[in-house]
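# Working through the structure, step by step
Letter by letter, the chains look like this.
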Amino acid sequence: MGMLEEQVALVVGAAGGIGRAVVRRYLAEGASVVAVDRDQDRLDKLRGEFGAGGRLAVFAGDAAAWSTSEAMVAKAVEEFGGLDVLVSCVGVWDQAVRLVDIPGERLGAAFDECLRGNVGSVLLNVRAALSQLAARNGRVVVTGSFASYRTSGGGVLYTSAKHAVVGLVSQLAYELAPRIRVNGVAPGVAQTVMSGLRALDQCPTDAVLPGTENALPLGTIPDADDYGALYALLGSATASAAMTGTMVAADSGLLVRGMAQASLGGDL
Ligand SMILES: NC(=O)c1ccc[n+]([C@@H]2O[C@H](COP(=O)([O-])OP(=O)(O)OC[C@H]3O[C@@H](n4cnc5c(N)ncnc54)[C@H](O)[C@@H]3O)[C@@H](O)[C@H]2O)c1
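Residues numbered from 1 in each chain as written. Predicted model: local features only at pLDDT ≥ 70, side-chain atom pairs only at ≥ 80, totals over all residues. Heavy atoms only, no water.

### Side note on the overall build of the protein
Going by this rule: Helix and strand definitions here come from DSSP, where helices need a minimum of 4 consecutive H or I residues and strands a minimum of 2 consecutive E residues; each element is numbered from the N-terminal end. Our radius of gyration is a C-alpha quantity, and the globule rule it is checked against amounts to 2.2 Å times the number of residues to the power 0.38. Between two residues, a contact is recorded if the distance between any of their heavy atoms is within 4.5 Å. Using a 1.4 Å probe, accessible areas were evaluated by the Shrake-Rupley method; residue-level cover was limited to the displayed protein chains. For the purpose of charge, His is not counted, nor are the chain termini; Lys and Arg are scored as positive and Asp and Glu as negative. To locate a charge, take NZ of a lysine, CZ of an arginine, CG of an aspartate or CD of a glutamate.
Secondary structure assignment for the protein yields six helices and nine strands. What you see for the protein is a C-alpha radius of gyration of 18 Å, in line with the 18 Å of a compact globule of 268 residues. Partitioning the intrachain contacts of the protein with sequence separation of at least 6 by distance along the chain shows that 75% fall at a separation of at least 24. Here the protein has roughly 12,200 Å² of accessible surface; of this, 53% comes from carbon and sulfur atoms. Charged side chains of the protein number 21 positive and 27 negative; the gap between the two group centres comes to 3 Å.

Right, dumping it as structure tokens:
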């Protein structure tokens, strides 16, 4: 029996690398899923890949808009009769651009886009889902980053936004207890292609810079699928029943990396 048997989940940012892995894992664990993304083409591919069992519906829209937030919750109710879990894997990266390299006249728009995508969308989605989640003692699972804690996972815009995700998780866990639990996953790196900031004319680019594996104590770049089980754990009604307000760092050891070398390596 799967960890999410008979559960209904909204997965937002579902057409991306980690979002797709979450959809796949949630379906494997028995959930019915409404996959939401702004990228219609990749949503169609997702439906082609995983839609055969009748437990996957897709919905295209901008998750940082209230109208989409309301409509996707309505879609979950219409398709599957309610909502147990809201997962957000939405993210926009700033490609580690330094403040000095952002033209001053574009800074406000870049800040708005980065914060709205990474933080504002989650607030809108949770607000729209509140009554449905409360009715079923639901769970929210959001996505932070290594950049939620340390420098160099992005530039100042992304790092600020991902730090804010930690505050969002704490405050919402406090406000929504005891009916709704709120937790997050903070990945280190995953081999995906991330959207950049349109306000800075950034094109999608590899999320992992060359040589990154040398900085990881665990020594290899995880696959996006390696994160799916953590999202399932935090979305489960029982497996994480005592957890709320927690960010689970899944960072290949980056937060415990020493200064000189990544590990004792072959000496062990
Ligand atoms: N890939 C990494 O190395 C890495 C590391 C740390 C954290 N993260 C975080 O993991 C999450 C997933 O990242 P990913 O690597 O899978 O990136 P991705 O770009 O492949 O996935 C993000 C998805 O979100 C969608 N999206 C963005 N803005 C949206 C909006 N306003 N409305 C609807 N959909 C929107 C995109 O279309 C995309 O499908 C993000 O929060 C990211 O910040 C990724």
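### Describing the layout of surface pockets
Over the atoms rolls a probe the size of a water molecule, and its path tells where empty space is left. Rule in force here: Cavities and pockets are found on a 1 Å grid laid over the protein atoms alone: a cavity is a set of points where a 1.4 Å probe fits but cannot escape, a pocket is an open set with protein on both sides within 12 Å along at least five of seven lines, and a lining residue has an atom within 4 Å of such a point. Grid points are joined across faces, edges and corners, and a volume is the space filled by probe spheres set on the points. Residues are grouped as follows: Ala, Val, Leu, Ile, Met, Phe, Trp, Tyr, Cys and Pro are nonpolar; Asp, Glu, Lys and Arg are charged; every other residue, Gly included, is polar.
Put simply, the second largest pocket is a space of about 200 Å³. Residue assignment for the lining of the second largest pocket shows that the elements contributing at least two residues are α1 (17-28) and α2 (40-50). The greatest single-element share of the lining of the second largest pocket, amounting to four residues, is contributed by α2. Grouping the constituent residues of the lining of the second largest pocket by class yields four nonpolar, four polar and six charged.

### Details of the pairing of strand β3 (residues 56-60)
Where we set the bar: For two strands to be treated as a pair, DSSP must find no fewer than two bridges joining them. Crossovers are marked right-handed if the path from the first strand over the helix to the second runs clockwise, as seen with the strands pointing away from the viewer.
Direction of pairing for strand β2 (residues 32-37) relative to β3: parallel, over a ladder of five bridges. The partner of Val 34 across the bridge, within β3, is Ala 57. Crossover β2 to β3 through α2 is right-handed.

### Examining the packing of helix α4 (residues 104-135) against helix α5 (residues 156-176)
Keep this limit in mind: To obtain each axis, a line is fitted to C-alpha atoms, and for helices this fit is confined to the stretch in contact; angles are then taken between N-to-C directions over 0 to 180 degrees. Geometric relationships in this document are graded by angle, where less than 35 degrees denotes roughly parallel, more than 145 denotes roughly antiparallel, 65 to 115 denotes roughly perpendicular, and other angles denote oblique. Note: crossing handedness is left-handed where the near helix turns anticlockwise from the far helix by less than a right angle, and right-handed where it turns clockwise.
Two elements in contact, α4 and α5, have axes separated by 10 Å at closest approach and are oriented at 20°. The angle between the axes of α4 and α5 places the two elements in the roughly parallel class. Crossing angle aside, the handedness with which α4 passes α5 is right-handed. For the pair α4 and α5, the contacting residues are Leu 107, Ala 110, Phe 111, Cys 114, Leu 115, Asn 118, Val 119, Val 122, Leu 123, Val 126 and Leu 130 in the first and Leu 157, Tyr 158, Ala 161, Lys 162, Ala 164, Val 165, Leu 168, Leu 172 and Leu 176 in the second. The residue makeup of the contact of α4 with α5, split by class, is 18 nonpolar, one polar and one charged.

### Things to note about the site of the ligand
Quick note on the threshold: Note on terminology: near, applied to a residue and a molecule or strand, indicates that one of the residue's heavy atoms is within 4 Å of it. Identification of polar contacts relies on pairs of N or O atoms within 3.5 Å, with a donor-acceptor requirement for protein atoms, meaning one able to donate a hydrogen and the other able to accept it, and with residues adjacent in sequence counted only if both atoms are side-chain atoms.
In the vicinity of the ligand there are 29 residues, among which Asp 37, Ala 63, Val 90, Tyr 158 and Thr 192 approach most closely. At 2.6 Å from an oxygen atom of the ligand is found a side-chain nitrogen or oxygen belonging to Asp 37. Considered on its own, the ligand offers 820 Å² of accessible surface; in the complex 97% of this is hidden by protein. Mapped by element, the contributors of at least two residues to the shell around the ligand are α1, α5 and β7 (193-194). Considered class by class, the residues forming the shell around the ligand number 13 nonpolar, eleven polar and five charged.

### Re unusual backbone geometry
Of note, the bond from Ala 177 into Pro 178 is cis; its omega dihedral lies within 30 degrees of zero at 5°. Structurally, Pro 178 is set in the loop between α5 and β6 (181-187). With a phi angle near 50°, Asn 137 is a residue other than glycine that sits in the positive phi range. Assignment of secondary structure puts Asn 137 in the loop between α4 and β5 (139-143).

These values are about where atoms sit, not about what they do.
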